[in-house]
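A look at the structure
In case you want the letters, here they are:
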Amino acid sequence: MLKLLSSSSRVQCLNTATPGLRVKPDSNSVFHALGRLTDLTRRSPKNSLFRACFCSDSSDSSGYQAAVEVEIKGAESELNGSESKASSAILPTYARPEDFLTVLALPLPHRPLFPGFYMPIYVKDPKLLAALQESRKRQAPYAGAFLLKDEPGTESSPSAETEKSVYDIKGKELFNRLHEVGTLAQISSIQGDQVILIGHRRLRITEMVSEDPLTVKVDHLKEKPYDKDDDVIKATSFEVISTLRDVLKTSSLWRDHVQTYSQHIGDFNFPRLADFGAAISGANKLQCQQVLEELDVHKRLQLTLELVKKEMEISKIQESIAKAIEEKISGEQRRYLLNEQLKAIKKELGLETDDKTALSAKFRERLEPNREKCPPHVLQVIEEELTKLQLLEASSSEFNVTRNYLDWLTVLPWGNYSDENFDVVWAQTILDEDHYGLTDVKERILEFIAVGKLRGTSQGKIICLSGPPGVGKTSIGRSIARALNRKFFRFSVGGLSDVAEIKGHRRTYIGAMPGKMVQCLKNVGTANPLVLIDEIDKLGRGYAGDPASALLELLDPEQNANFLDHYLDVPIDLSKVLFVCTANVVDNIPNPLLDRMEVIAIAGYITDEKMHIARDYLEKTARETCGVKPEQVEVTDEALLGLIENYCREAGVRNLQKHIEKIYRKIALRLVREGSSNEPVISEDVVQLHPAEAKAEVVDESDQHAAANKTGVEVESVGNSSHENTSEASVQVDTVQTNDQTKDSKEATHTEKLLEAEVTKAVEKVLVDTSNLADFVGKPLFHAERIYDQTPVGVVMGLAWTAMGGSTLYIETTQVEQGEGKGALHVTGQLGDVMKESAQIAHTLARAILLEKEPDNPFFANSKLHLHVPAGATPKDGPSAGCTMITSMLSLALKKPVRKDLAMTGEVTLTGRILPIGGVKEKTIAARRNGVKTIILPSANRRDYDELAPNVREGLDVHFVDDYTQIFNLALKSDDNNTGN
Ligand code: ADP
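Residues numbered from 1 in each chain as written. Predicted model: local features only at pLDDT ≥ 70, side-chain atom pairs only at ≥ 80, totals over all residues. Heavy atoms only, no water.

**A word on the site of the ligand**
Among the 18 residues in the neighbourhood of the ligand, the closest are listed as Y436, G470, K473, T474 and R654. Contact between the ligand and Y436: a nitrogen atom at 2.7 Å from a main-chain N or O atom of the residue. Take Q657: an N or O atom from its side chain is 3.0 Å from an oxygen atom of the ligand. For the ligand, whose unbound accessible area comes to 560 Å², protein coverage reaches 87%. If you list the elements that add at least two residues to the shell around the ligand, you get α19 (473-484), α24 (607-626) and α26 (654-688). Ranked by residues supplied to the shell around the ligand, first place goes to α19 with 3 residues. Its residues assigned to classes, the shell around the ligand comprises 9 nonpolar, 6 polar and 3 charged. Counting residues domain by domain, the shell around the ligand receives three or more from each of domain 3 (424-601) and domain 4 (607-672). (Near = heavy atom within 4 Å. Polar contact = N/O pair within 3.5 Å; in protein donor to acceptor, adjacent residues only side chain to side chain. Areas by Shrake-Rupley, 256 points an atom, 1.4 Å probe, with all protein chains shown as cover. Helix = DSSP H or I, 4+ residues; strand = E, 2+ residues; numbered from the N terminus. Nonpolar A, V, L, I, M, F, W, Y, C, P; charged D, E, K, R; others polar. Domains from an automatic or database assignment.)

**Things to note about the sheet that holds strand β24 (residues 934-938)**
A sheet is described by the order of its strands in space; here 7 strands give the open sequence β19-β20-β18-β17-β21-β24-β25, paired in mixed fashion. Where the open sheet ends on each side, the last strands, each with one partner, are β19 (824-828) and β25 (957-961). Across this sheet, the average inter-strand angle for adjacent strands is 30 degrees, counted without regard to direction. Note: strand β21 (residues 902-904) against β24, 3 bridges, orientation parallel. Within the sheet, the bridge partner assigned to A903 lies in β24 and is I935. The sheet contacts of helix α32 (residues 833-853) involve β19 and β20 (863-868), and relative to β19 the element is tilted by about 150 degrees. (Pairing = 2+ DSSP bridges. Axes fitted to C-alpha atoms, helices over the stretch in contact; angles between N-to-C directions. Contact = heavy atoms within 4.5 Å.)

**Remarks on the packing of helix α34 (residues 882-894) against helix α38 (residues 964-973)**
Orientation of α34 relative to α38, taken along the N-to-C sense of each, is 50 degrees, at an axis distance of 11 Å. Relative to α38, the element α34 lies oblique. Here the hand of the crossing between α34 and α38 comes out right-handed. Across the interface between the two elements, C883, I886, T887, L890, S891 and L894 from α34 touch Y964, I967, F968, A971 and L972 from α38. Per-class residue counts for the contact of α34 with α38 are 9 nonpolar, 2 polar and no charged. (Parallel < 35°, antiparallel > 145°, perpendicular 65-115°, else oblique. Left-handed = near helix turned anticlockwise from the far one by under 90°.)

**A few points about α19**
Between its first and last C-alpha atoms α19 spans 17 Å; for 12 residues at 1.5 Å apiece the expected length is 16 Å, and the two agree. If you check which residues of α19 are buried, you get K473, I476, G477, S479, I480, A481, A483 and L484. Turning to α19, the residues buried within the fold contact α17 (424-434), α18 (439-455), β8 (462-466), β9 (488-492), β10 (530-534) and β13 (578-583). N485 sits one or two residues past α19 and shows a positive phi near 60 degrees. (Expected span 1.5 Å × (residues − 1). Buried < 20%, exposed > 50% of the residue type's maximum accessible area, 1.4 Å probe, protein only.)

**What to know about the state of the cysteines**
Enumeration according to the criterion identifies 0 disulfides in this entry. Here C581 is not cross-linked by a disulfide; its sulfur's nearest cysteine counterpart is in C464, at 5.5 Å. On the basis of relative accessibility, which here comes to 0%, the residue C581 falls in the buried class. (Disulfide = S-S within 2.5 Å.)

Here it is, written out as structure tokens:
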């Protein structure tokens with residue numbers, strides 16, 4: 001230690017400063033260091049920072065510190081009896097430490113003071129403080145520092161007694177509470193109540209001298225003599241040193257001290273090393289006191305070794321704790337950092353989805369305009385879901401489910417109705433504008449509007465439009481929506497087998513969606529749209545649940561005010577929705593559904609109607625879509641009629657529409673082709689013309705075009721003004737030209753018009769008539785349903801009904817062989833069971849009638865007959881061909897052809913009664929289409945026939961019959977039956 005402190009810098013410091021303790025500390029660094037220590041000591045009296053500080057910093061070369069060290073050195077050298085030579089030169093003149101046999105006793109509450117260490121203490125006892133100051137003044141700045149024993153019965157805790165209470169103990173009591181062995185402490189400085197002590201040597205109290213302040217008599221203690229070369233002592237001390245080095249590696253707490261001392265460890269003697277180790281260890285006060293009291297050097301080293309080993313363990317634990325915490329923190333930090341980066345990236349890409357507040361705000365904002373109209377139960381659910389959204393983790397699947405759910409809930413048009421049109425006249429105009437005929441449908445819609453007007457509100461209804469394809473069921477639906485000023489939504493239920501399509505999925509399923517109706521409301525944005533449910537007769541059969549029943553809940557006006565979609569889970573009011581269904585065959589609609597519908601049948605169109613539709617509607621749209629102008633084309637009535645009769649004979653007009661579009665496409669091509677062959681000439685003409693001249697020409701040429709005239713005049717006036725101003729500046733003319741955009745654009749349109757006029761002029765009008773119709777639409781696919789102009793013997797025209805509308809069909813009978821008892825009937829033509837039975841009945845009845853009319857004619861008894869119904873590829877069934885079959889057989893038997901242009905339909909009983917049939921309208925239309933003049937219908941169908949539009953009935957000779965004999969009379973009896981034309 002002496003060597004350590006006798007560095008040249010210190011000697012220099014000593015030379016410059018006044019030697020000894022009288023030197024006032026003027027170096028900031030010492031105070032700074034002490035201040036820091038005091039601070040630390042005050043802050044945490046429990047921890048190891050309470051340890052005294054060894055004045056070991058060799059770099060801190062203050063003269064004051066050096067002087068103190070020299071003092072110590074002086075004392076030590078004497079004690080140890082060595083190295084006295086080097087120091088004797090600067091020995092001070094005042095009393096030596098060993099001279100102090102009576103000292104003031106300073107109680108230390110926390111730790112004993114080890115020789116060679118600083119210790120700041122706070123003296124709260126004014127008397128003691130005064131005595132200390134006094135002894136400093138008397139140049140005897142020494143006192144005895146003794147560790148205070150714990151109060152008997154209290155826990156050995158340093159905080160049990162505060163510094164204040166330590167100084168409350170006085171006199172004898174204090175004397176008894178002090179440990180016997182203490183340290184001679186030099187009073188280094190006193191600042192306020194802070195006293196800095198420096199430990200010197202061990203003392204033992206022998207007796208009390210005075211009580212207040214406590215003064216005691218002491219013995220100065222020396223270590224027991226020991227062998228410096230003792231291996232055990234050496235080994236122990238090395239172990240202490242290496243342990244201290246290890247502590248240094250892991251703990252930074254005492255790094256400075258250990259570093260300094262391990263560098264100079266060679267300067268240590270063993271007792272000092274033991275003191276040092278104990279002093280810097282975090283051992284408790286009793287363990288430290290034990291080291292202080294131990295005068296056997298080896299034992300002291302061993303005690304110290306225990307303490308530093310413990311310190312080592314503690315620092316290891318400390319290190320592992322620090323490491324674990326650091327890992328945790330750095331892991332969390334990394335995660336946080338990555339999350340933040342992810343958010344930033346998402347935001348940048350516009351994918352920021354988990355911003356809960358923004359989401360909630362969006363939903364609320366969306367709901368706000370509808371809040372008043374929104375039913376309270378829905379509002380409640382929305383609020384609950386919004387709260388839930390805030391509580392959920394943004395990355396959880398539940399969050400997404402809730403978000404989607406809220407999305408649907410808030411997007412629906414709760415109570416948001418479009419203003420309905422209750423103006424009947426206006427509605428009629430719109431309906432007529434879109435469709436020809438269809439009076440039934442239109443009438444029904446007008447009734448609906450009238451009721452709505454009288455009641456002030458409209459009620460949802462189900463209208464079912466049934467009829468063959470292409471008769472305008474879907475398009476009239478759209479037109480009704482327009483007339484009523486409702487939004488239109490169409491969905492087809494053809495082949496639909498999943499109930500979830502109508503009722504929605506439960507939200508718990510992945511990818512769950514609401515049903516079609518909720519999707520519809522979202523789409524249209526109003527709660528009273530017109531919903532067209534297409535192909536309701538082709539509804540599929542569900543394996544789990546019946547779609548028809550689900551549809552029933554949706555459509556039934558009794559139930560749909562509270563329609564519950566599985567996804568939405570809150571009832572929605574569909575009572576204001578107008579449902580229009582379409583079907584080809586009403587019979588295929590499930591009965592409970594049909595029950596609730598108002599069926600309007602659209603049977604199909606007759607030629608006359610088709611002509612109107614083609615002329616007024618289809619041609620117009622086809623022309624517009626093809627960009628052809630009315631004046632560029634003419635389709636003659638004959639051509640149109642030919643088209644309808646030879647190409648498009650079916651009930652609907654879709655095929656007709658396709659053909660007309662085909663014609664117009666071809667016309668467009670022709671126009672463009674011819675137009676382009678003329679183009680070079682036209683463009684040359686136009687290019688050659690100066691704009692002004694061109695305009696002048698237009699003015700001259702097209703007098704009737706007022707607009708063109710006007711433009712010409714305007715341009716002329718611009719030209720004039722510019723001519724007038726030529727002398728002023730050409731710039732002005734430019735300004736007129738550039739600024740006056742309207743004039744410029746007028747000029748441009750004018751040029752375009754001119755161009756167009758030229759093109760139109762160049763191409764001749766395209767005429768479509770019967771002669772060139774085949775050029776546009778090809779050869780007719782079939783000439784007629786009429787195979788025969790005049791039906792031969794055994795052939796009769798019947799009338800049939802199919803999903804495609806009505807049609808005519810022939811029943812043919814021929815004789816296969818003749819012979820006694822050969823009478824039999826063979827049937828072909830893909831007939832169903834009912835029709836086969838009809839044939840049997842007809843055979844029997846025909847035989848009976850023949851027997852009655854010509855009792856001698858054994859035709860049926862002796863003839864094997866073959867009955868066939870073309871076309872053989874089409875399956876047929878139904879009882880309505882009964883009368884036709886009898887007539888056909890009788891015609892063969894009597895060898896009489898039936899009347900020309902006659903068609904019949906009717907079921908026959910075995911007694912010859914004629915029963916009613918269905919599809920009168922379709923059958924009548926089909927008969928008309930095929931040039932039939934006379935129709936025989938069952939009497940029971942008279943009512944149906946009378947309901948037909950006059951134009952359908954016009955020119956038809958209709959006979960209503962009850963019994964087959966009437967038919968016989970009409971078809972076979974009359975004498976004017978002829979075989980020729
Ligand atoms: P459907 O639904 O009955 O199969 P669509 O409604 O699709 O038939 O009608 C086919 C086409 O025929 C549509 O372009 C429609 O405008 C036209 N159409 C049908 N009936 C009429 C009509 N009475 N007046 C005008 N166009 C009609």
